[in-house]
Amino acid sequence: LGPVSKASPLRATIDSWSPDMYTMAVLAPLGTAGAKPARSAAPLLSKQSPRAGTRIIARFANSEQENDGKKVLLIGATGVTGRSAVEGLLTSGSKVQLLAMTRNTSSPAAEALKSKQIQVVGGNLDDSESLDKALSGIDMVYCHALSTDAAQADPAEVLRAERLAHAAARSGCKLIVYNSTGGRGCGYGISQMDQKHRVEDIFTASGVPLTSLQVAMFMEEFWKKYTRPPIINKGSFPFSIPGNKKLQLLAARDLGLVAGSVLADPSTWSGRSFEVAGDELTPEELCEVFSRQQPPGGPQPVKHSRPPAFLFWFLNKDLWKISRFLSDKGFTANVAATRSQFPGMLSFEEFLVATRWSDPSRSYEQGIVYDGPMPRSSTTQKVVSSQV
C-alpha cells in the first residue's frame, strides 16, 4: 500500500488512535509458520505415546527419587514472565536443583532469585566460553528466553540459540526444555513465530534431547500498559479479533508448572513438542471477566471493540499478520487435556485475582506478584528443592 503521507486523511485516522486503541496484546512469544517440525509434535494425549496419558502428579514419588540432586540451569529467568515461570517451577513438585544464569549476578532480579534460595551463576549468551562454564555439571536446561520481547524477531536470538545448543552438547546436557510457541506451520509468515521454531530446530540438530513447550498467549499481556489502562480507566477492551473467536491463554507461572513436571520426568517428555494453554475465552467472555474484576468504582461493563486490521499494516506488518492469525485460526492447544495433565493451572479469572490485577497502584514493569487469593488446587503442590 506504500507509505502514508503525514498530511493524508488516512494518516490522521491512524494518528487519532492512541496506542491502547490499536496495539493488540499479542507480543507474547508466538509460534512458527511455514517450516515443518524437525520431530513429531504429538498431541498432548496422543495414542502414539502410550505413557503420555499418565498424570504427572501421580508420578512424582518415583520421579523425585530419579531426579534428586539433578541440576537445572534456568536461562532467561530474570524478566517479568521468566520470574513468573520460576514461581511455577518452585511449586511444581519436582525435586531438581535450580540454578539461574544471568549476565549480572548482583542485579535486583538476580538478588530476587537468590532470595528464593536459587543459586545465580554468571553467563552470557553472546559468549561461548562463559556458557561452557555455566553449563558445567548441569543435567538439564530450562530456556525461557534468548532475547527481550520485541515487535519483530531479534536476529541475535538465532545466534544465541546456536551457541547455547553447542555448549549444551559439549557439556553432556541431557535435556533442553524450551519456551517456544504455538502455531507452527500456520503459514502466516510471522517473524517471531518463524524464529521461535527455527530455534527449536537448532536445539534438535545439536543432538541434545528437546521438549518444546509451545505456548499460547501469556495472560501477562493483559497487565501491560497498552492493554490494562483502557480496561480499568475507560471500560474499553480494544482487541483486533472477532468478539466470538476463542483466544487461548496461559499464565507464565503455569508454564513453569508444566516445565517442572517435564523436568521431573524427562524420560516421558524428552523429544516431544506440544501446545500449552490453560484457558480459552472469546473477547466477549474476557469482557465479562474484566467487568467482574474491575477496581471499585471502575467503569462497567467493559466492552470489546475491534480496531480495523488494516491499521496494523502501517504500524507493524507482523502485528497485522498476528491479527490475521488470531482471527482466522488461532492457537490449537487441547486446554482440557492440558489442565488434566498438569493439575493446578489457573483460569484467566483466577490469574487476575491471584495477581491483584485490579489494583491500579501495580504495574507490569514492577513484576507480577502472586499474592492474591489462589485456588486450592494451585496452592497444594509440593515445593521444588532449589538448594545446591
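Residues numbered from 1 in each chain as written. Predicted model: local features only at pLDDT ≥ 70, side-chain atom pairs only at ≥ 80, totals over all residues. Heavy atoms only, no water.

**What about the pattern of salt bridges?**
Next up, step 1: Under the defined criterion, the tally for this structure stands at 17 salt bridges.
Next up, step 2: Between Arg163 and Asp126 there is a salt bridge, with its nearest N and O atoms 3.4 Å apart. One end of the pair, Arg163, is in helix H7 (residues 156–171); the other, Asp126, is in the loop between strand S3 (119–122) and helix H6 (128–135), with 37 residues separating them in the sequence.
Next up, step 3: With relative accessibility at 37%, the residue Asp126 sits in the partly exposed group.
Next up, step 4: Two residues, Arg362 and Asp359, come together in a salt bridge whose shortest N-O distance is 3.7 Å.
Next up, step 5: By relative accessible area, Arg362 is classed as buried at 18%. (Salt bridge = Lys/Arg side-chain N within 4 Å of Asp/Glu carboxyl O. Helix = DSSP H or I, 4+ residues; strand = E, 2+ residues; numbered from the N terminus. Buried < 20%, exposed > 50% of the residue type's maximum accessible area, 1.4 Å probe, protein only.)

**Some remarks on the pairing of strand S4 (residues 140–143)**
Consecutive side chains along a regular strand alternate between the two faces of the sheet.
Next up, step 1: Residues of S4 alternate between two faces, with Met140 and Tyr142 on one and Val141 and Cys143 on the opposite face, all of them buried.
Next up, step 2: Pairing of strand S1 (residues 71–75) with S4 involves four bridges; the strand directions are parallel. The residue bridging Leu74 from the neighbouring strand is Tyr142, located in S4.
Next up, step 3: Sheet analysis places S4 next to strand S5 (residues 175–181), joined by four bridges and oriented parallel. From the neighbouring strand, Tyr142 faces S5, where its bridge partner is Val177. (Pairing = 2+ DSSP bridges.)

**Concerning the confidence of the model for the chain**
Next up, step 1: Chain-level pLDDT for the chain is 82 on average; 79% of the residues reach the 70-or-more range.
Next up, step 2: Every residue in residues 1–66 scores below 50 in pLDDT, and together they form 173 contacts with partners more than four places removed in sequence or on other chains.
Next up, step 3: Contacts of residues 379–388 to residues separated by more than four positions or lying in other chains number 40 contacts, the stretch itself having pLDDT below 50. (pLDDT = per-residue confidence, 0-100. Contact = heavy atoms within 4.5 Å.)

**Focus: the packing of helix H4 (residues 80–90) against helix H10 (residues 252–264)**
Next up, step 1: Axis separation between H4 and H10 bottoms out at 6 Å; the angle between their running directions is 50 degrees. As far as their axial angle goes, H10 and H4 are oblique. The element H4 and its partner H10 pack so that their crossing is right-handed. The segment H4 lies against H10, with Thr81, Ser84, Ala85, Glu87, Gly88 and Leu89 engaging Ala252, Arg253, Gly256, Leu257, Ala259, Gly260 and Leu263. (Axes fitted to C-alpha atoms, helices over the stretch in contact; angles between N-to-C directions. Parallel < 35°, antiparallel > 145°, perpendicular 65-115°, else oblique. Left-handed = near helix turned anticlockwise from the far one by under 90°.)

**A closer look at the sheet that holds strand S9 (residues 247–250)**
Next up, step 1: Pairing is mixed across the open sheet formed by three strands, whose spatial order is S7-S9-S11. Two strands lie at the open edges of the sheet, namely strand S7 (217–218) and strand S11 (279–281), each paired on one side alone.
Next up, step 2: Here S7 runs beside S9; their pairing, made up of two bridges, is parallel. Looking at S9, one finds that Phe218 is bridged to Leu250.
Next up, step 3: Those strands touched by helix H12 (residues 283–292) are S9 and S11, and its axis lies near 105 degrees from that of S11.

**Here we look at the packing of aromatic side chains**
Next up, step 1: A full pass over the atoms with the stated rule returns 16 aromatic pairs.
Next up, step 2: Note on Phe290 and Phe348: the rings are 5.6 Å apart at their centroids and 85 degrees apart in plane angle, and the pair reads as edge-to-face. A residue pair is termed long-range when its members are at least 10 positions apart, and Phe290 in helix H12 and Phe348 in helix H16 (residues 348–354) qualify at 58 residues.
Next up, step 3: For Phe348, a relative accessible area of 0% translates into the label buried. (Phe/Tyr/Trp six-rings, centres within 6.5 Å; stacked < 30°, edge-to-face > 60°.)

**Concerning the nonpolar core**
Next up, step 1: In terms of nonpolar packing, the biggest core is built from 40 residues, with Phe222, Phe237, Leu247, Leu286, Phe290, Phe348 and Phe351 touching the most fellow members.
Next up, step 2: Elements represented by at least two residues in this core include exactly helix H9 (228–234), S9, H12, helix H14 (317–328) and H16.
Next up, step 3: Setting aside its immediate chain neighbours within four residues, Phe351 contacts Met219, Glu220, Trp223, Ala251, Leu346, Ile368 and Tyr370.
Next up, step 4: Counting residues in hydrophobic clusters, the runner-up holds 34 residues, among them Leu74, Val177, Phe218 and Val262. (Core = buried A, V, L, I, M, F, W, Y, C linked by side-chain atoms within 4.5 Å.)

**Description of the sheet that holds S4**
Next up, step 1: Taken together, the seven strands give an open sheet; going across it, the order is S3-S2-S1-S4-S5-S6-S10, and neighbouring strands pair in parallel fashion. Looking at which strands have only one partner, the edges of the open sheet turn out to be S3 and strand S10 (273–276). The sheet shows a mean angle of 25 degrees between the axes of neighbouring strands, taken without regard to direction.
Next up, step 2: In terms of strand pairing, S5 meets strand S6 (residues 210–215) through six bridges, oriented parallel. Looking across to S6, one finds that Ser180 is bridged to Gln214.
Next up, step 3: On the sheet, H6 packs against S1, strand S2 (97–102), S3 and S4 and is oriented at approximately 150 degrees with respect to S3.
Next up, step 4: Those strands touched by H10 are S1, S4, S5, S6 and S10, and its axis lies near 160 degrees from that of S6.

**A look at H4**
Next up, step 1: Of all eleven residues that make up H4, nine are buried, and the element is covered over most of its length.
Next up, step 2: The set of residues buried in H4 consists of Val80, Thr81, Gly82, Ser84, Ala85, Val86, Gly88, Leu89 and Leu90.
Next up, step 3: Where H4 is buried, its residues contact S1, S2, helix H5 (108–115), S4, S7 and H10.

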